[in-house]
Amino acid sequence: MPSLDIAAESRIEAAPMKKTSLLHRGSLALTALLLALAGIPFFYLFQRASGASGSEISALLFREKTLSIFFNTFSLIFLVSLGAVLIGAGFATLLYAVKITRSALFLLLATLPLAIPSYVFTYSWIAIFPWFRGIWAAALVLTFSTMPYIFLATYAALRRVDLVQIEVARSLGFNRLEVFTKIVLPQIRGAIGASLLLVILYVLSDFGAVSLLGVDTFTRTIQNLYKASFDRQSAAILGLILMFIAATIILIEERVHKKNIASNSSVRVQSSASLITKPMAKLASLSLIVIYSFLALALPAYVLTTRMIANFQEIDYPALASATFNTLLVSTFGAIIAIAFALPLSWTIIATRSRFALFTEKVVLITHALPGVVLGLSLVAFGSKISWLYQSVGLLSFAYALLFLAKAVGNTRASMEKIPPILKEVSLTLGVSPLSTFRKITLPLAAPGIWVGFLLVLLTAMKELPATLMLRPTGFETLAVEIWSASTLSQFNQAAPYAFTLIALAAIPTFILSRPDRIQQESNHVEKERWRE
Amino acid sequence: MLKRSIIPVLAFALLASAGCSPNTGGNTEDSLENVSELTIYSGRSEAFIAPFFAEFEAESGIKLNIRYGDSAELAAQILEEGSNSPADLFLSQDAGALGAVAEANLLIELPGDLTSTLPARFLSPTDQWVGITGRARVFAYNPEQVSQLPKSFQDFTRSEYKGRFGIAPTNSSFQAFITALRDNIGEVKAERWLRGIVANSPRYYEKNSMIVEAIDKGDIDLGLTNHYYIFEVAKALGRDISVKDGFFAQGDLGNMINVSGAGVLASSKKASAANSLISFLLRRDTQEKFVANTKEYSLLEGVAGPEGLPDLEQIGAPTVDLDALKDLKWTQDLLIKVGLL
């Protein structure tokens with residue numbers, strides 16, 4: 001594969017990049033700033049836990065309960081990983097293999113559960129099935145709400161699979177299964193692994209589903225310890241353990257990932273390989289997706305609608321409007337800040353491969369696994385000393401950026417890595433400054449990935465609750481806060497209009513995410529415009 | 001060109017600096033006339049308390065910035081904020097959270113005209129907080145399913161209730177009860193009781209309201225909860241429910257009264273305005289509205305109980321030191337030890 005050779009050669013040439021350039025120094029400085037800021041929660045946890053005596057720690061850790069917390073947490077990780085990969089990668093493969101006219105609709109159906117907060121989802125299921133409790137229930141809810149991440153990543157990777165390879169394999173007599181396992185799978189494994197990592201980290205940090213379903217994971221136990229005592233030491237100790245678990249998982253993923261680097265072919269993207277052509281097989285594949293979307297979408301919609309009708313109360317439109325505006329405002333700022341950090345971090349990693357940048361990336365990933373309440377309290381402890389910053393829209397947006405930066409970094413970095421270094425080299429040799437090269441070459445070419453990262457952070461920030469409760473400006477209510485305050489009163493009917501609005505709002509970025517063709521086309525368009533300049 | 005590529009950087013700088021901070025610019029003059037705004041941290045939910053706040057705003061002309069949250073989490077937040085807290089007044093669902101904040105010396109001593117309104121058992125011993133409303137511990141039950149009613153909280157460890165009842169161990173009202181238990185019968189007996197409960201296979205719920213809902217659905221027959229949840233759930237469901245409140249024998253610890261209460265932050269520069277809000281909440285007409293609207297008990301003498309329930313004096317409530325409820329450390333350790341946290 002010639003493209004690979006060029007890439008390898010030019011990478012060697014690209015290495016001694018001018019270290020004095022503004023781009024280089026700026027990125028390094030921003031990465032350093034990010035590391036310092038991302039260190040706040042960890043510093044906080046160490047500080048709070050440091051007062052603990054050995055006997056207190058052993059009383060907390062060496063008990064039966066610890067065993068069940070570990071068991072629950074890891075069972076949940078295992079079940080959700082299995083479920084989300086099977087369903088997510090399965091659906092992506094089906095949609096890739098089946099040639100249908102309405103593929104956009106099915107893409108949307110499979111992606112849309114992203115718009116539903118896990119607590120709304122859980123509540124809907126409990127409302128219909130009172131026995132819906134425990135670890136299997138939690139695994140189901142979390143599988144449904146995380147599956148779209150794997151689905152989107154797998155689908156995007158499938159579209160980059162070289163169709164020529166498939167044709168060659170078929171002509172050599174490979175059957176469909178062999179084509180899939182020998183040709184396709186190796187090329188999408190990396191994407192599945194990376195998205196699975198985010199899913200696992202999310203499962204570690206989820207509070208909504210596990211608390212409503214009574215599953216004691218690390219995050220639920222930490223949250224309950226905070227609620228139970230105003231001494232925050234035990235919670236901090238468990239927070240540190242959670243941190244180490246996340247770090248271990250990240251390191252394991254890295255090991256696996258290294259063995260897994262698939263070749264990047266520069267073929268045009270293909271939305272379908274037409275591997276499944278029989279009408280019956282087509283029908284079966286598509287009905288699976290329809291069944292899934294019924295369980296994941298129609299059910300919550302039904303519960304919310306009936307709850308709203310059954311006990312219809314006057315909707316407070318001004319409150320609804322301001323909560324909607326606030327949600328949009330603060331989540332957009334959060335996504336902008338996340339991208340503002342993801343860009344220099346990704347650039348520094350790619351350009352320098354420095355340990356410092358790679359370490360920062362890992363800290364960002366670990367932060368993704370932290371419960372919102374831990375990040376919230378750490379920023380309370382830090383922020384309350386700075387009165388103009390404390391409980392401001394700025395600090396809340398920053399909290400979102402920190403919590404969900406992991407979602408942006410992965411996509412930004414991956415899309416930058418795909419840019420053939422030769423393009424940058426040519427630009428630099430022509431005397432264009434590194435900063436202009438970054439702006440004219442890197443940014444436009446990486447735009448789709450950056451855009452996806454932006455949308456993912458935006459979407460997740462809209463649904464965030466624990467950190468929002470602590471860090472929002474006083475009197476500044478978001479949709480998630482309004483849902484929370486109504487459901488603490490078992491008055492979910494009052495929460496219904498807010499829940500509907502939140503889902504509708506979150507459906508917008510979800511809709512865009514479900515249309516990879518459009519994202520790609522727009523970027524191609526931008527690309528052409530750039531080259532014309 | 002340079003300008004355009006550092007847009008994200010500028011955006012962040014702008015964001016960080018332009019964040020609106022509504023809590024700055026506190027009025028340094030501590031007199032009622034000069035105060036135009038107060039910041040309240042409210043552990044009481046908006047649906048319950050907002051009408052009362054609105055009435056105070058209309059009466060006093062003082063605007064309230066209200067931060068709603070969970071009482072314990074707000075207490076944790078105030079403890080983290082320390083002397084930098086933007087809050088003027090902390091309104092809590094239970095005495096324990098107030099006691100913890102008082103113990104850290106973050107609340108002022110309230111003036112005598114406020115503390116003299118109430119019986120001493122509903123006050124902080126150091127006058128740092130006052131009770132606002134009373135909430136009785138009860139057992140909620142389905143009258144069609146339970147023929148033999150428990151006479152004491154101790155009865156819940158008996159085999160006839162095995163697997164039939166619900167508790168909410170992560171909820172602060174349950175934990176306050178455990179703390180009161182230790183304070184009254186000692187650590188050993190309190191632990192024995194809790195272990196007896198765990199051994200009697202209760203169902204665990206996140207919230208008290210979920211216990212009442214579960215009884216109504218027929219999942220369980222009884223549950224340990226607070227008295228007003230049956231009203232709340234019936235209102236939320238928009239229909240009558242087959243759940244009633246039951247009280248234990250006279251003087252049984254299971255009938256304990258906890259209070260929602262309020263304290264004024266030591267870091268506040270608007271103490272007298274905050275005091276005037278407490279004074280408003282303790283006024284007889286306001287208290288009567290609490291009883292009628294939120295179905296809680298008034299702590300003032302001579303105000304009748306919620307409709308359909310006995311008056312406060314007739315409950316047969318035990319004497320409980322509400323200040324002791326702040327010491328949740330032991331309770332938490334016990335709950336951890338028996339595996340409920």
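Bear in mind that the values here come from a model prediction, so they are computed numbers and not experimental data. (Residues numbered from 1 in each chain as written. Chains lettered and ligands numbered in written order. Predicted model: local features only at pLDDT ≥ 70, side-chain atom pairs only at ≥ 80, totals over all residues.)

Caption draft 1: Layout of the overall build of chain A. What chain A contains, in helices and strands, is 24 helices and zero strands. A buried classification covers 52% of the 533 residues belonging to chain A. Looking at chain A alone, contacts between residues at least 24 apart form 84% of all its contacts between residues at least 6 apart. (Helix = DSSP H or I, 4+ residues; strand = E, 2+ residues; numbered from the N terminus. Buried ≥ 20, exposed ≤ 12 C-beta atoms within 10 Å, placed from the backbone. Contact = placed C-beta atoms within 7 Å.)

Caption draft 2: Expanded view of the packing of helix α9 (residues 208-217) of chain B against helix α10 (residues 229-237) of chain B. Residue and element names in this part refer to chain B. Closest axis-to-axis distance for the α9/α10 pair is 9 Å, and the angle between their directions is 70 degrees. Classed by the angle they form, the pair α9 and α10 counts as roughly perpendicular. Judged by the sense of rotation from one axis to the other, the crossing of α9 with α10 is right-handed. Residues N208, S209, V212, E213 and D216 of α9 touch α10, and the partners they reach there are Y229, I230, E232 and V233. (Axes fitted to C-alpha atoms, helices over the stretch in contact; angles between N-to-C directions. Parallel < 35°, antiparallel > 145°, perpendicular 65-115°, else oblique. Left-handed = near helix turned anticlockwise from the far one by under 90°.)

Caption draft 3: Structural view of the confidence of the model for chain B. Residues and elements named next belong to chain B. Averaged over every residue, the pLDDT of chain B is 87; the share at 70 or more is 90%. Per-element mean pLDDT across chain B ranges from 41 in helix α1 (residues 2-5) up to 96 in strand β3 (residues 89-92). Confidence over residues 1-29 falls short of pLDDT 50; this stretch has 53 contacts with residues more than four positions distant or in other chains. Scoring the predicted complex yields pTM 0.84 and, for the interface, ipTM 0.80. (pLDDT = per-residue confidence, 0-100.)

Caption draft 4: Looking closely at the domain arrangement of chain A. Residues and elements named next belong to chain A. Domain boundaries assigned for chain A yield domain 1 (15-44 + 314-502) and domain 2 (52-261). In this structure, domain 1 and domain 2 have C-alpha centres spaced 21 Å apart. Domain 1 puts 23 residues into the contact, and the matching count from domain 2 is 20 residues. Examining the composition of the side of domain 1 that touches domain 2, we find that five residues originate from one element, helix α16 (residues 355-369), more than from any other. When grouped by side-chain class, the residues that make up the side of domain 1 that touches domain 2 number 16 nonpolar, four polar and three charged. (Domains from an automatic or database assignment. Nonpolar A, V, L, I, M, F, W, Y, C, P; charged D, E, K, R; others polar.)

Caption draft 5: Structural view of the packing of helix α10 (residues 176-205) of chain A against helix α13 (residues 233-258) of chain A. Residues and elements named next belong to chain A. It is at 10 Å that the axes of α10 and α13 come closest, and there the two elements cross at 175 degrees. Here α13 runs roughly antiparallel to α10, going by the angle between their axes. Facing α10, whose interface residues are G190, G193, L197, I200, L201 and L204, α13 presents L242, I245, A246, I249, I250, E253, V256 and H257. Grouping the constituent residues of the contact of α10 with α13 by class yields ten nonpolar, three polar and one charged.

Caption draft 6: Spatial organisation of the environment of E361 of chain A. Residue and element names in this part refer to chain A. With respect to the helices, strands and loops of the structure, E361 is situated in helix α16. Linking E361 and L35, residues 326 residues apart in sequence, is a C-alpha distance of 8.6 Å. Among all residues touching E361, those that are not within four sequence positions of it are L345, I349 and V409.

Caption draft 7: Seen up close, the pairing of strand β4 (residues 130-141) of chain B. All names here are of chain B. Taken across its twelve residues, β4 has twelve buried, putting it largely inside the fold. Summarising the sheet, β4 and strand β10 (residues 297-298) pair through two bridges and their orientation is antiparallel. Bridge pairing in β10 places G134 opposite Y297. With five bridges joining them, β4 and strand β7 (residues 222-226) adopt antiparallel strand pairing. For V138, the partnering residue across the bridge sits in β7 and is T225. Here three bridges tie β4 to strand β8 (residues 244-246), and the two strands are oriented antiparallel to one another. (Pairing = 2+ DSSP bridges.)

Caption draft 8: Spatial organisation of the environment of L74 of chain B. Residue and element names in this part refer to chain B. Secondary-structure assignment places L74 in helix α4 (residues 71-81). For L74, a count of 24 C-beta atoms within 10 Å translates into the label buried. For the pair L74 and V101, spaced 27 residues apart in sequence, the C-alpha to C-alpha distance is 9.9 Å. Each residue touching L74, except ones within four places of it in the same chain, is listed here: Y41, G43, G69 and F90.

Caption draft 9: Region of the structure containing unusual backbone geometry. All names here are of chain B. Phi at D127 is positive, roughly 60 degrees, even though this residue is not glycine. Within the fold, D127 resides in the loop between α6 (112-115) and β4. Residue classification places D127 among the partly exposed residues on the basis of 18 C-beta atoms within 10 Å. Here the phi dihedral of S201 falls at roughly 50 degrees; this positive angle occurs in a residue that is not glycine.

Caption draft 10: The confidence of the model for chain A, seen in detail. Residues and elements named next belong to chain A. A residue-level look at chain A finds 86% of positions with pLDDT of 70 or above and a mean pLDDT of 84. Segment residues 1-16: pLDDT under 50, and 17 contacts once partners within four positions in sequence are set aside and those in other chains are kept. In the model, residues 262-267 has pLDDT below 50 throughout and makes 13 contacts with residues more than four positions away in sequence or in other chains.

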